[in-house]
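# Structural description and commentary
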There are 4 protein chains.
Amino acid sequence: MNKINSFAVLGGDKRLIYCGRSMQEDGYSVFFCGFEKCEEELSAEPCKPIELINNCDAIILPLPCTRDGAFISTPFSDKPLPVSLLAEAAGFKPVFCGMSEKLPFSGKNIFDYSRVEGFAAENAILTAEGAIELAMRETDNTINGSDCLVTGSGRIARVLCSMLKGLGARVTAAARNAEARVLLKAEGINAVSISDMGNRYDIIFNTVPSMLFDRKILKALEGSPLITDLASAPYGVDINAAQALGLRAVRALSLPGKTAPKKAGIIIKNAVYHILGEEL
Amino acid sequence: MNKINSFAVLGGDKRLIYCGRSMQEDGYSVFFCGFEKCEEELSAEPCKPIELINNCDAIILPLPCTRDGAFISTPFSDKPLPVSLLAEAAGFKPVFCGMSEKLPFSGKNIFDYSRVEGFAAENAILTAEGAIELAMRETDNTINGSDCLVTGSGRIARVLCSMLKGLGARVTAAARNAEARVLLKAEGINAVSISDMGNRYDIIFNTVPSMLFDRKILKALEGSPLITDLASAPYGVDINAAQALGLRAVRALSLPGKTAPKKAGIIIKNAVYHILGEEL
Amino acid sequence: MNKINSFAVLGGDKRLIYCGRSMQEDGYSVFFCGFEKCEEELSAEPCKPIELINNCDAIILPLPCTRDGAFISTPFSDKPLPVSLLAEAAGFKPVFCGMSEKLPFSGKNIFDYSRVEGFAAENAILTAEGAIELAMRETDNTINGSDCLVTGSGRIARVLCSMLKGLGARVTAAARNAEARVLLKAEGINAVSISDMGNRYDIIFNTVPSMLFDRKILKALEGSPLITDLASAPYGVDINAAQALGLRAVRALSLPGKTAPKKAGIIIKNAVYHILGEEL
Amino acid sequence: MNKINSFAVLGGDKRLIYCGRSMQEDGYSVFFCGFEKCEEELSAEPCKPIELINNCDAIILPLPCTRDGAFISTPFSDKPLPVSLLAEAAGFKPVFCGMSEKLPFSGKNIFDYSRVEGFAAENAILTAEGAIELAMRETDNTINGSDCLVTGSGRIARVLCSMLKGLGARVTAAARNAEARVLLKAEGINAVSISDMGNRYDIIFNTVPSMLFDRKILKALEGSPLITDLASAPYGVDINAAQALGLRAVRALSLPGKTAPKKAGIIIKNAVYHILGEEL
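These numbers were taken from a predicted model, which means no experiment stands behind them.

Rules used throughout
Residues numbered from 1 in each chain as written. Chains lettered and ligands numbered in written order. Predicted model: local features only at pLDDT ≥ 70, side-chain atom pairs only at ≥ 80, totals over all residues. Heavy atoms only, no water. Helix = DSSP H or I, 4+ residues; strand = E, 2+ residues; numbered from the N terminus. Rg over C-alpha atoms; globule rule 2.2 N^0.38 Å. Buried < 20%, exposed > 50% of the residue type's maximum accessible area, 1.4 Å probe, protein only. Contact = heavy atoms within 4.5 Å. Areas by Shrake-Rupley, 256 points an atom, 1.4 Å probe, with all protein chains shown as cover. Lys, Arg positive; Asp, Glu negative; His and termini not counted. Charge placed at Lys NZ, Arg CZ, Asp CG, Glu CD. Axes fitted to C-alpha atoms, helices over the stretch in contact; angles between N-to-C directions. Parallel < 35°, antiparallel > 145°, perpendicular 65-115°, else oblique. Left-handed = near helix turned anticlockwise from the far one by under 90°. Nonpolar A, V, L, I, M, F, W, Y, C, P; charged D, E, K, R; others polar. pLDDT = per-residue confidence, 0-100. Least-squares fit on C-alpha atoms with pLDDT ≥ 70 in both. Pairing = 2+ DSSP bridges. Buried area = accessible area lost by both parts, 1.4 Å probe. Salt bridge = Lys/Arg side-chain N within 4 Å of Asp/Glu carboxyl O. Polar contact = N/O pair within 3.5 Å; in protein donor to acceptor, adjacent residues only side chain to side chain. Expected span 1.5 Å × (residues − 1). Phe/Tyr/Trp six-rings, centres within 6.5 Å; stacked < 30°, edge-to-face > 60°.

A tally of regular secondary structure across chain A gives ten helices and eleven strands. Computed over C-alpha atoms, the radius of gyration of chain A comes to 21 Å, within 12% of the 19 Å expected from 2.2 N^0.38 for 280 residues, which places it in the range of a compact globule. In terms of principal-axis extent, the alpha carbons of chain A reach across some 60 × 40 × 30 Å. Sorting the 280 residues of chain A into buried and exposed places 57% on the buried side. Sequence-distant contacts, at least 24 apart, represent 59% of the contacts inside chain A between residues at least 6 apart. As displayed, chain A has an accessible area near 11800 Å², and 47% of this comes from carbon and sulfur atoms. Of the charged side chains in chain A, 30 are positive and 32 negative, and the gap between their average positions amounts to 4 Å.

What follows is the structure, encoded as structure tokens:
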């Protein structure tokens, strides 16, 4: 495959802007398309996507590259960028994207940077810290000295427990997985099974993508906890029921893109570079 | 002294509102004065301060009670509340206030809740966590994995180092005190003397109230750190020089009242109760 | 299956003694066989294994139950206890053992307590802390402030990194697994790939059961580190080469049975109880 | 004062051996006296103390330099080394010693290395880690997961709390000082006043040098805790009463000299060098 000298960044949020800019600092030519509404200056004369696709050595799509399978995610643009534009290009130049399974086509030149080993873990850290930033902002209390519940035992839950403990919270981890509970206990976390998770907390962080906090569980909560749902669809907190019950509940989607877009952009860049080094 | 059944809260920020409300939940009658601009409902019909002072069993003033020695601090009111109103009352009923040395008079009924043992440490925790919330909000990166510098070796610095490390930052503590450095090192913090503090950090937290980060030091900083000055007057960062150099520098005053007013209010309440138990 | 009222403990080290004793405290009748050389008083009149097997409701074998497939492990006895004694009994009463794959027979009444979820993790904690106890004893220095290397990314490595960091060591984790490295970094551990692991440490803990520290790697080590090999066969440190090079190298086998036999015995007991609750 | 090229090390335990050896590695001539019973080879032909004192540029005495005010502490020798030998020498060459207040004379050439800023804190770390090594050795359980009580709020208590928590223990700190309690709580330690310290622990570490654990308190303890007394005279645990009650109680004296003599020796050396740099 030919040497890569230029990238086209098509769509995405601030993460993709930081990703592209950092590539520029590394010496690549990077062109942006789909960011008209972005307040940042991207030296962007109106682009014609198809020209960009033809003229660049490689293309970078956002994470996720598309939500509906038809159009590239472009939160900073109202002009639709059809996914189909890439179908042909992907035949002869590399296309880097996140969550490629959402694309309606595949090919040997389509590389999913979200599958690079370590990528999910790096983003879990950003999500965990973003959840803490969110909780700090949403409450008039401190994390320090508060009673926090973290559900789940995946990467986000593990990192979140460690950070909350590091801030001086009393952390209870409710997890189905017995081994995960043992290892969390080893690190001084009060780990219990889901059925023993208790109902009195200052802040609840859900990471389990299944309806754990339904109306019944929400109704049994004492005090007035802040409930943050970090899980992806089908989510784990019944937000409507929570609001009906007068509880503060927040669905926290795409935290890395909101609370740490620069770091998240660098992680995308490094994953792309990793693929370039390994695959090309 | 007579039993206390009612408090008048005269002036102050959200901390004092939370303090008074929590006292209400404890069964006390609490009346607020000096909060007209506060969006919260304080069931407050227009109060006449002098009547309130006369009718209540005890009076609570804010922290600090006054900045100019003439008027009580009332950020939520434009009506001046002269300190002199209290001069007489303090002769026959308890007045609880913060930083009583700023009052133009003293007396055996004036109790400074900010001097209760542990009060300063409790607020140092709030300041440390508030500084972290501020840093998270001001950057597009994470604390996790970043290089942080904390200057000083007092309570705030100590708690801040512990929290930053708990979030996964690489922490350097620059302190004059050799013993403090040894104890910080024991806890895994890279502790150095001020003269060895280096110049390449992502986030700098100053807690030393003397001009440590003058123009010369600021100019030598590499990268583009966020600089937060947590020190009280005469402060430790030359904010003007920083801005002239294009550095992001923030003076973070009264963090507890901004980032954790509820917890800060409870701390004031507990200190008042402590005095009530000890002294009265 | 009938209710269990009595257990026979056949062979094993101090863990099995603590296991049986704790069962006695819980109200079970427990009989020991194969502990003649143990200094502890086990109220043990000379036992006839076959009578014990016949008279008890259930049988507990050690961890591992056998090393050679022919005889039960009996470090506290010189009288051979043939594994074959159990072959018949296992047909009609439960036999609890560790590492049942080493038995020359199997059956639906043979329960392997070492496979209970969480058992391996519980023992990993004991191994990690045992390794620290060993390192403290073997050196005239402190863990605090020392440079430690931990190889591997399994349970033992993870817990060991956390504990060493908690003691104030500078910890480098060398792991093949990129995701594990990311998560270790998130917790403030300096995680690197095996090829980048460096050669200057005070204490090295190997958990990888493949010959990582061969003569060449050992020869390149600077300073005079203590090297502890926590891996099971085929081990990860060439002990002979280390000694020839004048390095202090220790193979640390069965640490839980040596440094925390009481806790290890309780873990076996709980695993047996778990099986009793689930399976019987 | 003249340049120092040679030191005489008179008496002391393994710390002083390591101190002297490390000075040799730094290029100094070092002569040892009072170590005949030490198994280590000190290339020591029988020394005449007075000749050594006369021929060396400076003298190093142990920590403490004397226990009775008459003889230098020489645990590795049966030949008495009278303190008086130094009285004259101290008039014309520097004498470095620990706890100089125990000497029956003083002088401007007598330097107490134990008073160097940071020295006490460095040794507190060694004591804390030594206490953990001791507790690990004395129990058949793990520190991880155990309930530990630490009394006091000085350096040793603070470091010990941090280390025990780092190992995964549940730590209660019982301290008189309210500010210390607040700061310990901020770091996730359950800090209580002495009167609330409870009576059910696996391991108790006393650092308070006054009779806290008298017969009455000891009798009220539940379970069978290991009790370690880290306090210096007049100590804090009634060892006789403990033994009469069947409790395991250990007086842990001079832990740094026992569990980490090498590190302790380097700390002495560095303190001597510090004085040489500052004072001479």
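Residues and elements named next belong to chain A. Relative orientation of the contacting elements helix α4 (residues 119-138) and helix α5 (residues 155-166) amounts to 45 degrees, with a least axis distance of 8 Å. Between α4 and α5, the angle is such that the two are oblique. In this structure, α4 crosses over α5, and the sense of that crossing is right-handed. Residues A120, A121, A124, I125, T127, A128, E129, A131 and I132 of α4 form the contact with α5, whose participating residues are R155, I156, V159, L160, M163 and L164. Classifying every residue of the contact of α4 with α5 gives twelve nonpolar, one polar and two charged.

Moving on to the confidence of the model for chain A. Do not read the fine detail of predicted coordinates wherever pLDDT is low. The pLDDT averaged across chain A works out to 93; a share of 96% of its residues lies at or above 70. Our summary of model confidence lists the complex with pTM equal to 0.94 and ipTM equal to 0.93.

To go from the first copy of the chain to the second, apply a rotation about an axis and then a shift along the same axis. Laying chain D over chain C is done by rotating through 180 degrees and shifting 0.0 Å along the axis; what remains is an RMSD of 0.1 Å. Read as a symmetry element, the transformation amounts to a two-fold axis. In terms of C-alpha distance to the rotation axis, chain D has G166 of chain D as its closest residue, with the C-alpha 1.7 Å off the axis. A shared interface surface links the copies, since 100% of the contact residues of chain D are contact residues in chain C too.

In this section: the sheet that holds strand β4 (residues 95-97) of chain B. Residues and elements named next belong to chain B. With respect to topology, five strands assemble into an open sheet ordered β2-β1-β3-β4-β5, the strand pairing being parallel. Each having just a single partner strand, β2 (29-33) and β5 (110-112) make up the two edges of the open sheet. Across this sheet, the average inter-strand angle for adjacent strands is 20 degrees, counted without regard to direction. The pairing of strand β1 (residues 6-10) with strand β3 (residues 58-60) spans three bridges and is classified as parallel. Looking at β3, one finds that A8 is bridged to I59. Of the strands in this sheet, β1, β2 and β3 touch helix α1 (residues 14-25), which is tilted by about 160 degrees from β2.

Glancing now at the relation of the copies chain A and chain B. With an RMSD of 0.1 Å, chain A superimposes on chain B once it is rotated by 180 degrees and translated 0.1 Å along the axis. Of the interface residues in chain A, 100% have counterparts in chain B that sit at the interface too, so the contact is made through matching surfaces.

With 25 residues of chain D in contact, the opposing surface of chain C contributes 25 residues. Both faces combined, the contact of chain D with chain C buries some 2200 Å², and carbon together with sulfur accounts for 51% of it. Broken down residue by residue, the surface that chain D buries against chain C is led by E129, M136 and D140 of chain D, which jointly contribute 30%. The tally of links from chain D across to chain C stands at two salt bridges. On the surface where chain D and chain C come into contact, there are 16 residue pairs in polar contact (both at pLDDT 80 or more). Those elements that place two or more of their residues in the side of chain D that touches chain C are α1 (14-25), α4 (119-138), α5 (155-166) and α10 (261-279) of chain D.

All names here are of chain A. Positionally, G69 belongs in the loop between β3 (58-60) and α3 (84-89). Looking at G69, the relative accessible area reads 24%, which means it is partly exposed. With 34 residues separating them in the primary sequence, G69 and L103 have C-alpha atoms 5.5 Å apart. Other than its neighbours up to four places away in sequence, G69 contacts V83, K102 and P104.

Below, the discussion takes up the interface of chain A and chain B. With 25 residues of chain A at the contact, the number on the chain B side is 25 residues. Here chain A and chain B share an interface that buries about 2200 Å² over both sides, 51% of which is from carbon and sulfur atoms. It is E129, M136 and D140 of chain A in chain A that bury the most area against chain B; as a group they hold 30% of the surface buried on that side. Our enumeration of links across chain A and chain B arrives at two salt bridges. Ionic pairing is found between K14 of chain A and D140 of chain B, a salt bridge with its closest N-O pair at 3.7 Å. Between the two partners, chain A and chain B, sit 16 residue pairs in polar contact (both at pLDDT 80 or more). If you list the elements that add at least two residues to the side of chain A that touches chain B, you get α1 (14-25), α4, α5 and α10 (261-279) of chain A. In terms of residue class, the side of chain A that touches chain B is built from ten nonpolar, eight polar and seven charged.

All right, on to helix α4 (residues 119-138) of chain B then. Taking 1.5 Å of rise per residue, the 20 residues of α4 of chain B would be expected to cover 28 Å, and the 28 Å separating its terminal C-alpha atoms lies within 8% of that figure. Extensive coverage of α4 of chain B is indicated by the burial of 16 of its 20 residues.

With that out of the way, let us pick up the packing of aromatic side chains. All names here are of chain B. A complete count under the given rule lists 28 aromatic pairs over all chains for this structure. Ring geometry for F7 and Y28: centres 5.1 Å apart, planes at 70 degrees, overall edge-to-face. Taken together, the residues span a long stretch of sequence, with F7 in strand β1 and Y28 in the loop between α1 and β2 at a distance of 21 residues. According to the relative accessible area criterion, F7 is buried, its value standing at 0%.

Turning next to the sheet that holds strand β4 (residues 95-97) of chain D. Sheet strands line up and pair through hydrogen bonds in the backbone, either parallel or antiparallel. Residue and element names in this part refer to chain D. Pairing is parallel across the open sheet formed by five strands, whose spatial order is β2-β1-β3-β4-β5. Of all strands in the sheet, those bounded by a partner on one side alone are β2 (29-33) and β5 (110-112). Averaged over all adjacent pairs, the angle separating strand axes in this sheet is 20 degrees, with direction ignored. One ladder, built from two bridges, connects strand β3 (residues 58-60) with β4; its direction is parallel. Bridging across to β4, I60 finds its partner in F96. Sheet strands in contact with α1 are β1 (6-10), β2 and β3, and its direction is about 160 degrees off that of β2.

Further remarks concern the side chain of K93 of chain C. Residue and element names in this part refer to chain C. If you trace the backbone, K93 turns up in the loop between α3 (84-89) and β4 (95-97). In this structure K93 is buried but unpaired, with D57 as the nearest side chain of opposite charge at 5.9 Å. Separated by 2.9 Å, the side chain of K93 and the backbone oxygen of N54 make a polar contact. Here K93 is in contact with I53, N54, N55, C56, D57, I59 and N109, once residues within four sequence places are set aside.

Here the bond from L63 of chain A into P64 of chain A is cis, since omega is -5 degrees, no more than 30 degrees from zero. When you line up the elements, P64 of chain A lands in the loop between β3 and α3. Following A233 of chain D, the chain continues into P234 of chain D via a peptide bond in cis, with omega recorded as 5 degrees. Within the secondary structure, P234 of chain D is located in the loop between β10 (226-229) and α8 (239-244). Positive phi is not limited to glycine here, since Y235 of chain B has a value of about 65 degrees. Tracing the sequence through the fold places Y235 of chain B in the loop between β10 (226-229) and α8 (239-244). At S254 of chain B, a residue that is not glycine, the phi angle is positive and equals roughly 50 degrees. Looking at where S254 of chain B falls in the secondary structure, it is placed in the loop between β11 (248-251) and α9 (255-259).

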